Amino acid sequence: LFHDGWGTLDPANFVETNRWTWAATSNIRKCDKEGEIEVTVGSEKMRFKCKHSSPLLYNFLKRKYLSEPNPPSSSNFSCTRVTRTGAGVPTTLACLPHGLAEVNPGLSSPSSAEARIIQTYPYHTIEAC
């Protein structure tokens, strides 16, 4: 995965064999089969299988979202983050395609989505209490 897109490498020598931009990538999703994700570029659908498909899917979705010049609006929720000492700190959580993000509510329209994000909690790492 690259800042401006993604590609495939030859496993024998790690030479880049294909490359696509995030703008050309229209869909990224988990498949029904264990360990597979599907990526759509134009009319072409490609499936990839790996041992660590959840982190791969997370990183795909994150990079795609952060590459958008005007990312789609997220659902924001005012809440309190509980620190290690038990103190409460007011904050805002945003539901993004790749996880929950603690965002700086004071930056409503920054030059990049990344500038608003204080910390991201990937969905695949969140556990119930």
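To be clear, the structure that these remarks concern was listed above.
Every value quoted in this text rests on a predicted model; they were computed, and no experiment measured them. (Residues numbered from 1 in each chain as written. Predicted model: local features only at pLDDT ≥ 70, side-chain atom pairs only at ≥ 80, totals over all residues. Heavy atoms only, no water.)

Caption draft 1: Up close: the sheet that holds strand S6 (residues 75–82). As summarised here, the arrangement of the four strands in space is S6-S7-S8-S9, forming an open sheet in which the pairing is antiparallel. The strands lining the two open edges of the sheet, one partner per strand, are S6 and strand S9 (117–122). Averaged over all neighbouring strand pairs, the angle between strand axes comes to 30 degrees, with direction disregarded. Of the strand pairs in this sheet, strand S7 (residues 88–95) and strand S8 (residues 99–103) are connected by four bridges, and their pairing is antiparallel. Bridging across to S8, Ala94 finds its partner in Ala101. (Pairing = 2+ DSSP bridges. Helix = DSSP H or I, 4+ residues; strand = E, 2+ residues; numbered from the N terminus. Axes fitted to C-alpha atoms, helices over the stretch in contact; angles between N-to-C directions.)

Caption draft 2: Spatial organisation of unusual backbone geometry. Look at Phe14: it is not a glycine, yet its phi comes out positive at around 60 degrees. Looking at the secondary structure, you find Phe14 in the loop between strand S1 (5–9) and strand S2 (16–21). For Phe14, a relative accessible area of 62% translates into the label exposed. (Buried < 20%, exposed > 50% of the residue type's maximum accessible area, 1.4 Å probe, protein only.)

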